[in-house]
Amino acid sequence: MRPVVPARNESSYLLNQIIISPSDTDYLDQLIPSIREYSYGNRTSQLLQSLSKFASDKESEIEGICNSNHQEFVTSVNQLLRIREGTVSLTAEILDLNQSIQASTERLADQKKSLVESRSHRQNIDETFRAIQDCLEVLRLANQVHDLLAKKNHYAALRALDELQNVHLKGVTQYKIAEMIQRSVPSTQRAIAEAVMSDLNTWLYRIREMSQYLGEIALYHTDLRKTRRKERAEKIPYLGHFKLNSAIELVSDEHEEYDLLQNDELQVDFTPLFECLLIHQSLGHMDKFRIEYANTRRRQKELLIPASITLVDDDGASLHNLLEEMAGFAIVERSTMKRVPELRSSVDVDELWDSMCQAAVSLISKALHEVDNAESLLKIKNLIALFMQTMNTWDFPVGVFDDFLLVLFEKYAELLKKRFSDDFQEIVSTDDYMPMPIQSLEEFDKVLSVSWYNPEKPREEQIFPCVLPFSQMYPLCCIDIRNFLNQFYFFANDDFPHPNVIDESLKNTLDELLSFKVCDTLVERLASQYLGQIVQILINLEHFELACQELEILLAAARSQNFAGGPITLRATGKFRSNKKAAEKRIFEVVNSKIDDLIETAEYDWLAPTPPTEPSNYMQTLTRFLSNIMNSTLLGLPTEIKELIYFDALSHAANMILAQPLSPEVKRINSNGVAALAKDVEYLSRFVDSLGVPILRENLDELQQTVQLMQADNADEFYDISTRNKKYGRVDAINGPILLEKVTHSLQSPVKLDKFTTLSSRFGKK
């Protein structure tokens with residue numbers, strides 16, 4: 001409202017404003033508001049008085065002015081009259097306007113009263129509207145929570161629910177809807193927790209489904225790393241000393257880094273796990289969630305391990321699937337532990353890993369009896385070793401599988417032993433025991449490459465076809481020995497942590513095979529009556545002895561650097577060496593037996609009426625036999641052995657020939673009988689001389705001197721020690737008198753008999 005001012009001052013101000021108005025329009029513009037203002041205050045009469053007074057004053061002023069200037073006065077009077085007329089007219093208008101304003105004021109008062117009443121209603125409506133708006137906002141947020149939950153925006157739903165509970169509900173606590181929504185918050189939280197757990201279970205199921213593929217990729221890239229390591233080692237041999245997963249290998253391969261969980265082939269998204277974890281942390285259910293998650297993973301681990309597996313299926317699919325499943329499962333566990341350490345601790349992960357390893361090894365062990373060949377077992381070992389290297393990359397202990405590799409190796413060694421035992425047995429038993437013929441230089445080089453044989457002639461001087469001293473079994477056994485070594489060392493590559501075990505097992509198994517399957521089988525065949533076969537066995541034994549010596553050097557060079565010990569000694573070496581003596585003895589027996597058979601055919605007529613004209617048939621056959629074995633059967637033997645056999649054979653032949661006249665059945669021998677014996681001995685002596693081995697002649701000295709004694713005219717020289725030592729020193733002191741007694745053509749004199757008795761007593765015989 002306008003401030004109240006004194007009436008006079010206000011009237012004066014109003015009159016001044018009216019007077020100074022430049023036009024009638026402005027005059028009215030000034031007058032109408034004043035009339036309206038005075039009408040509100042019922043001061044219209046005051047305004048009229050002021051106007052009348054103003055008019056009187058002006059008239060007086062005009063009159064004064066007129067007195068001084070009549071004409072101007074008259075003019076002014078006329079103007080005033082016109083003004084008066086206007087004033088009267090204006091006064092009437094003012095009165096009309098006043099009445100109109102009075103009526104408007106009454107209407108305005110009624111309207112103001114109505115306005116006050118409407119404002120009260122409007123305020124109530126506004127308050128109601130705001131309450132409805134607040135409740136609608138709460139309902140909107142409550143619906144939004146459920147909409148977000150339906151859209152699987154679980155964390156956003158939980159945040160919206162938290163905002164609804166802690167912010168918006170506090171503004172509508174006076175309304176019943178707040179109580180209803182507040183009561184529904186726990187159930188909504190449970191719904192969110194159940195929904196996120198449902199999504200997590202779905203994620204865990206997908207992780208379970210992709211575990212095998214994840215493990216397959218992990219094993220595949222480990223194999224690629226091994227290939228790259230091998231290629232680097234070929235270029236830089238120094239890098240070959242560092243195994244897979246060593247610091248040097250990891251640094252060398254870091255340019256090939258590969259994210260196993262995020263790549264073009266596979267993406268493992270941990271978002272559902274993180275969301276579930278975050279929601280349970282927000283709800284304060286972390287301990288419960290941790291236990292439930294651990295139980296779920298434990299159940300999945302149990303489902304991962306099958307009831308049984310087979311190791312003889314195509315491509316080892318059963319074992320592949322098992323190890324790949326384990327690898328994928330464990331890698332997810334390790335990745336979860338690194339990303340969410342408060343959810344999965346290393347103890348939890350290692351506990352699951354250890355139980356999986358124990359179960360897997362138990363399954364493989366039960367199925368191991370199915371495997372009956374070394375190649376399949378080697379594939380199993382390589383797959384397990386690749387699995388171990390893969391898991392080492394993720395810091396998983398593999399001691400259980402490490403120990404199991406020893407079990408696999410024992411099985412592998414057993415299978416190899418059985419296979420090569422059968423191979424050796426077949427080679428030795430089916431050999432022809434004849435010197436091995438070689439038709440070309442290619443065959444010769446091939447034999448040299450597989451066997452331990454140093455030919456006497458250089459390769460360039462060899463003439464083909466030729467014959468090697470050993471039989472075909474020797475190079476075949478050498479091939480098997482080399483294959484056997486290679487098969488053993490196939491198991492002992494850089495992914496087997498027990499090289500010493502392999503070195504020792506290889507030595508013992510090889511020693512056993514050579515000793516029992518080769519040497520003993522050869523020795524058994526010494527019972528043969530075929531001299532050529534026995535000689536060939538002796539030659540083979542000698543070459544096997546040399547091969548064993550080479551093997552000792554080879555095994556010592558190939559064994560692990562960590563293996564402590566001196567030179568390697570195979571028992572088979574000594575066994576081959578000792579059985580060479582047995583073979584030589586058997587050759588002696590066979591040759592001597594043949595000599596016995598031939599000499600037994602001798603048919604001496606000790607009392608022949610005429611002297612012989614040619615050597616006996618048995619002697620000719622005997623020399624041919626000795627010549628044949630020297631030039632054919634014994635030809636492949638070393639010279640010293642050959643001479644020893646000949647020496648023994650001639651010694652035995654001489655003894656057997658000498659035994660002919662000493663036989664108790666021979667009572668008398670005439671000069672023709674002695675001549676026949678002398679001719680045969682001479683024939684034998686010429687044969688021995690033709691051999692060109694002077695030492696062999698010594699075997700016939702006793703025989704020759706005995707025959708000379710039997711032909712002597714003066715037999716008494718034998719009883720003279722000095723003469724006997726010069727002429728008959730090799731003649732047996734007992735046999736000499738016996739033979740002399742048989743070749744005596746007349747009855748013995750008492751003197752000669754006494755000499756014989758005295759000589760016999762000197763040598764302790766009667």
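Just so you know, these numbers come straight off a predicted model, no measurement behind them.

**Topic: the overall build of the chain**
For the chain, the helix and strand inventory stands at 26 helices and two strands. For the chain, buried positions account for 42% of its 766 residues. Long-range pairs, those at least 24 residues apart, make up 76% of the contacts in the chain with a sequence separation of at least 6. Of the roughly 42000 Å² that the chain leaves accessible, carbon and sulfur atoms contribute 52%.

**A closer look at the packing of aromatic side chains**
Scanning the entire structure with this criterion turns up 19 aromatic pairs. On the numbers, 4.8 Å between centres and 50° between planes, the contact of Phe 470 with Tyr 474 is tilted. On the basis of relative accessibility, which here comes to 0%, the residue Phe 470 falls in the buried class. Taken together, the ring pairs in this structure connect Phe 409, Tyr 412, Phe 420, Phe 484, Phe 488 and Phe 491 into an aromatic cluster. The cationic tip of Lys 381 hangs over the ring face of Phe 491; the distance from NZ or CZ to the ring centre is 5.2 Å. In this structure, Arg 724 is placed above the aromatic ring of Phe 718, and the distance from its NZ or CZ to the ring centre is 5.3 Å.

**Quick word on unusual backbone geometry**
For the peptide bond that leads from Phe 464 to Pro 465, omega is 0°, which places it in the cis range. With respect to the secondary-structure elements, Pro 465 resides in the loop between helix H14 (441–450) and strand S2 (466–468). Although it is not a glycine, Asp 395 sits at a positive phi angle of roughly 65°. Structurally, Asp 395 is set in the loop between helix H12 (374–393) and helix H13 (399–429). We classify Asp 395 as exposed; its relative accessible area is 57%. Although it is not a glycine, Tyr 433 adopts a positive phi angle of roughly 50°. Positionally, Tyr 433 belongs in the loop between H13 and strand S1 (436–438). Taking the relative accessible area as the measure of exposure, Tyr 433 reaches 2% and is therefore buried.

Conventions and cut-offs
Residues numbered from 1 in each chain as written. Predicted model: local features only at pLDDT ≥ 70, side-chain atom pairs only at ≥ 80, totals over all residues. Heavy atoms only, no water. Helix = DSSP H or I, 4+ residues; strand = E, 2+ residues; numbered from the N terminus. Buried < 20%, exposed > 50% of the residue type's maximum accessible area, 1.4 Å probe, protein only. Contact = heavy atoms within 4.5 Å. Areas by Shrake-Rupley, 256 points an atom, 1.4 Å probe, with all protein chains shown as cover. Phe/Tyr/Trp six-rings, centres within 6.5 Å; stacked < 30°, edge-to-face > 60°. Lys NZ or Arg CZ within 6 Å of the ring centre and 35° of its normal.

That is the geometry; function is a separate question.
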